[in-house]
Amino acid sequence: MRRGVLASVALAVAIAVLLIAEGSQGRQTLVIGVVAGSGYGLVALGLVLVYKSSGVFNFAQGEFGTIAVFALWAAHSAGVPYFFAMLAGLVAALACGLATERFVVRPLFHAPRVTLLVATAGVALLAIGVEIWLGEQRGRYLAPALGRLDRVSVFGFRVSDQRLLVIATLAVLAVLIALFFSRTNLGLAILGLSQNPMAAELMGISAQRLSTFTWAAAAVLGGLGGILSAPLATGFEPGFLTYSALIPAFTAAVLGGMASLPGAFVGGVVVGVAESAAVTFPIFADIPGARSVMVFSLLVVVLAVRPQGLLAPRSVSVGKAL
Amino acid sequence: MSLTASRGGVTLVAGAAEAPARPERPSAAGWTVRGVVAAAVAAVVVVLPLSRSGFEVNIYTEAVIYAIIGLSLNVLLGYAGQLSLGHQAFVGVGAFTSAYMVSVHGQNFVAAVGTAVAVGAAQALVLGLVSLRITGLYFALVSLAYGTMAEDSLFNITSLTGGGSGQEAPKPSAFSSDWRYYYLCLAFLALVLYVDWRLTSTKTGRALLALRENPKVAESFGTAVKRYTLVAFVVSGVFASLAGALLAHNTTRVVSSQFQFRLALLFVIMTVVGGLRSRVGVVVGSAFFALTDYLFDRLNLSDAVDALPGLPDLSPELAPLVLGPFLLLFTLTRHPQGMAEFCGPVARWLGGAPLRHRRTLDVTEVAGTGASVSGSANGRGPAAGEDPSRA
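Treat the numbers as computed from the prediction; the structure is a model and nothing was measured. Note that residues are indexed from 1 along each chain, following the sequence as it is written. Each chain takes a letter, starting from A, and each ligand takes a number, starting from 1, following the order in which they are written. Only residues with pLDDT of at least 70 get local features here, since the model is predicted, and only at 80 or more are side-chain atom pairs given and counted; chain-wide, interface and lining totals rely on the full set of residues.

Helical segments are the DSSP runs of H or I of at least four residues, strand segments are the runs of E of at least two, and each set is numbered from the N terminus. Helix and strand content of chain A: 13 helices and two strands. Seen through its principal axes, chain A has C-alpha atoms that stretch 60 × 55 × 35 Å. Scored against the burial criterion, the 322 residues of chain A give a buried share of 55%. Once C-beta atoms are placed from the backbone, any two residues with those atoms within 7 Å are in contact. A fraction of 76% describes how many contacts in chain A between residues 6 or more apart in sequence connect residues 24 or more apart. Around each residue's C-beta, the other C-beta atoms within 10 Å are counted; 20 or more make the residue buried, 12 or fewer make it exposed, and counts in between make it partly exposed. All C-beta atoms are placed from the backbone.

Here's what the structure looks like:
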């Protein structure tokens, strides 16, 4: 673990120095990449949380965010102040997470993991379908929570307050959740349950209550990620987080080791920088869809070279049985 | 496992208490009724398309091709227990390869389909090798990223795919009319069904069954888990690219926008709702979802939805998108066998078995995963996937 941390930090610093030395294009790549990557990191946090506690890839994570954004937009359009509209968005995401847990996850509690995987993809698709049905397939624009654009600039590139808010939220949440898993009884109980459900239940841990808690927390995290990062995009439409952020977020989580929360943070930034490099540098200009190629290559290379991820914690079994 | 152990035990006892059923042979009247029903099914599948317009025959052909895609996904999801969220790319690669071989290199249909199948097998093998580097269901992630990458990048390489306007894919000259091509696709479906049946009834099939139930136990009994999972990836890739090639020549032009992420999810839905590990169920489910918007249109169900107060219009294109996921979740949580719960017994009845719905769990299931989707529900081992003609 420590060697992994050192290696990845050294790698990140080296890439950053190279990009800064490269000139204005490299600096632009770095700034845009870190900012976009922290958005992916926020989604990845929720993925890691669910994976850590139940060994399932949650394909519905993006939709928790999209639903929150729709609720926020609807409330704000109806005249509710922005802050309370954000709360409404989080409540919508929470409701969605609880419903998913109650009606999909719990009935499949003892089913093979692959069934649950299919089910979370089904939840995502159902959410997208209902969004299109009720909200039409069209783009909307969401105003940012913090509107000022020119307070901070890095290497001559302005970073809006909303972007700073995303980075700060991600960093704080990653630390808090990591502490939650290592320092609190509840966090340890969740870890114990994921490693050996039978032993954990014999110790008096309620699997069902913890499952409810995990999905609720993941949904709120997803909602937070959605409502903070949606204003940074050019607009939002049904399913936009699933289509645009889910794959980079998964790549970020795999890069971090799938069960590591700081790993999700680091992985998100790395994926963001790689993606923005694919867009900025002219050598990639001839490749159609260079962004997707970059993310896919990153995922394949990580799985091929270091499948346990950069920051895999040693105590948690990375891959659960099928 | 922990909680269901006792429940499973009880079921096992109940199942064991039943006397081993002796094969009952139907009477002459029974055979006649079965013959009439079989003839009716055959009439719908074989004769009905003859009386339809070319446009509608195209839709039926698509339903047959979807059945092949469903069987392809069934090999992965049903037999190997791995999820693919990039199957639209597997199908698309087959479609573009075949179209490219025919219209750019002037090859004949057989060579084009052969190339498509080889490319499909190769890509599935490579992606499978990467995904199996680590324990877990990483194929779901890799295929998801691969599908998006193919959609954004691979299918937009102008020299291979013709870019936005797509690639021409004329029908083979011997099967140039719509209904002839329909029968060609039916023949390919029969071939895929046969290969699938051979796959499940050989050593490979039993190995896959074992490793899906419990990979650790299978491994400890000497099953080469990775190798057999790779076999499943390759077989699935072959079926998918074959279906893609057939799809290309059915529409006679392949465009990259045909293969969107949404399609991959539709494939998963139709396979699961049809009924994993049941050939009949998967074929019926796939055809059903391929025909949903057509049926929705023909039966004017949109108007029925409009009549419900307080809901916006549900157009035929949207119907599979809203109803499909709902059916998927309903199937997973309530009726894990999907449509096969109904279609399977009917198919076995046609083969001469008595029409009876028994629900007992088999030993592998009780020992393995508790209340799983994997349940084959007829107390006959892996019977859900059994070929009707053998029953």
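On to the overall build of chain B. A count of helical and extended segments in chain B gives 18 helices and two strands. The buried share of chain B, reckoned over its 391 residues, is 50%. Considering only intrachain contacts with a sequence separation of at least 6, the fraction spanning at least 24 residues in chain B is 77%.

To continue, consider the confidence of the model for chain A. Residue and element names in this part refer to chain A. A residue's pLDDT is the predictor's confidence in that residue, given on a scale from 0 to 100. Considering every residue of chain A, the mean pLDDT works out to 84; 95% of them sit at 70 or more. Confidence scores differ between elements of chain A, with strand β1 (residues 152-154) showing the lowest mean pLDDT of 73 and helix α4 (residues 82-105) the highest of 93. Note on residues 315-322: pLDDT under 50 across the span, and 24 contacts to partners over four residues away in sequence or across chains.

Residues and elements named next belong to chain A. Their axes nearest at 8 Å, the elements helix α12 (residues 261-280) and helix α13 (residues 290-305) cross at an angle of 140°. Every pair of crossing elements has a handedness; the one defined by α12 and α13 is right-handed. For the pair formed by α12 and α13, the contact residues are V271, A274, E275, A278 and V279 on the first element and A290, R291, M294, V295 and L298 on the second. Split into classes, the residues belonging to the contact of α12 with α13 amount to eight nonpolar, no polar and two charged. Every axis in this analysis is a line fitted to C-alpha atoms, fitted for helices over the stretch in contact. Angles between the N-to-C directions lie between 0 and 180 degrees. In this scheme the handedness of a crossing depends on how the near helix is turned from the far one: anticlockwise by less than a right angle means left-handed, clockwise means right-handed. Ten residues, namely Ala, Val, Leu, Ile, Met, Phe, Trp, Tyr, Cys and Pro, are considered nonpolar, four, namely Asp, Glu, Lys and Arg, are considered charged, and the remaining ones, Gly among them, are considered polar.

What follows is about the environment of A:C96. Residues and elements named next belong to chain A. Here C96 shows up in helix α4. Overall, C96 belongs to the buried group, with 25 C-beta atoms counted inside 10 Å. Separated by 212 residues in sequence, C96 and Q308 place their C-alpha atoms 31 Å apart.

It is worth spelling out the interface of chain B and chain A at this point. It is common to report an interface's size as the accessible area lost on association of the parts. Tallying the contact residues gives 51 residues for chain B and 49 residues for chain A. If you tally residues by element for the side of chain B that touches chain A, the top one is helix α6 (residues 138-152) of chain B, at 10 residues. Of the residues in the side of chain B that touches chain A, the class split is 33 nonpolar, 15 polar and three charged.

Attention now goes to the environment of B:K226. The topology assignment puts B:K226 in helix α11 (residues 225-251). Between the alpha carbons of B:K226 and B:G128 there is a distance of 9.3 Å; along the sequence they are 98 residues apart.

The subject of this paragraph is the nonpolar core. For the purposes of this analysis, a nonpolar core is taken to be any set of buried Ala, Val, Leu, Ile, Met, Phe, Trp, Tyr and Cys residues that are connected through C-beta atoms within 7 Å. Among the nonpolar cores identified, the biggest contains 214 residues, and A:L45, A:V48, A:L72, A:L299, B:I68, B:V142 and B:L242 are the most heavily contacted of them. Beyond its immediate stretch of four places on either side in the chain, A:L45 contacts A:L173, A:A174, A:I177, A:L221, A:L261 and A:A264.

Residues and elements named next belong to chain A. Viewed as axis vectors pointing N to C, helix α6 (residues 161-183) and helix α9 (residues 207-229) meet at an angle of 160°, and their least axial separation amounts to 10 Å. Regarding the angle of α6 to α9, the classification is roughly antiparallel. Helix-helix and strand crossings are classified by hand; for α6 and α9 the assignment is left-handed. Judged by residue contacts, L165, V166 and T169 of α6 engage L224, L228 and S229 from α9. Tallied by class, the residues present in the contact of α6 with α9 amount to four nonpolar, two polar and no charged. An angle below 35 degrees is read as roughly parallel, one above 145 as roughly antiparallel, one from 65 to 115 as roughly perpendicular, and any other as oblique.

Moving on to the environment of B:K171. Residues and elements named next belong to chain B. You can see K171 is positioned in the loop between β1 (167-168) and α8 (178-200). By the C-beta count within 10 Å, which is 19 here, K171 ends up partly exposed. Considered as a pair, K171 and V36 are 135 residues apart in the sequence and their alpha carbons are 35 Å apart. If we ignore the near neighbours within four places in the chain, the residues touching K171 are S176, Y181, H249 and T252.

Turning our eyes to something else, we now look at unusual backbone geometry. The phi dihedral of A:M258 falls on the positive side, at around 65°, and the residue is not glycine. Residues other than glycine seldom take positive phi values, yet B:T252 does so here, at roughly 60°. Mapped onto the elements of the fold, B:T252 is located in the loop between α11 and β2 (253-254).

This next bit is on α4(A). Each helix should span, by expectation, one fewer than its residue count multiplied by 1.5 Å. With 24 residues, α4(A) should reach 34 Å at 1.5 Å per residue; the first-to-last C-alpha distance of 33 Å fits that figure. Among all positions of α4(A), only A:A85, A:M86, A:A88, A:G89, A:L90, A:A92, A:A93, A:C96, A:G97, A:T100, A:V104 and A:V105 are buried. Contact partners of the buried residues in α4(A): α3 (61-77), α5 (113-135) and α9 of chain A together with α16 (319-334) of chain B.

A few words on the confidence of the model for chain B. Residues and elements named next belong to chain B. Across chain B, the average pLDDT comes to 80, with 82% of residues at 70 or higher. The model gives residues 1-18 a pLDDT under 50, and that stretch makes 21 contacts with residues more than four places away or in other chains. Confidence over residues 360-391 falls short of pLDDT 50; this stretch has 81 contacts with residues more than four positions distant or in other chains.

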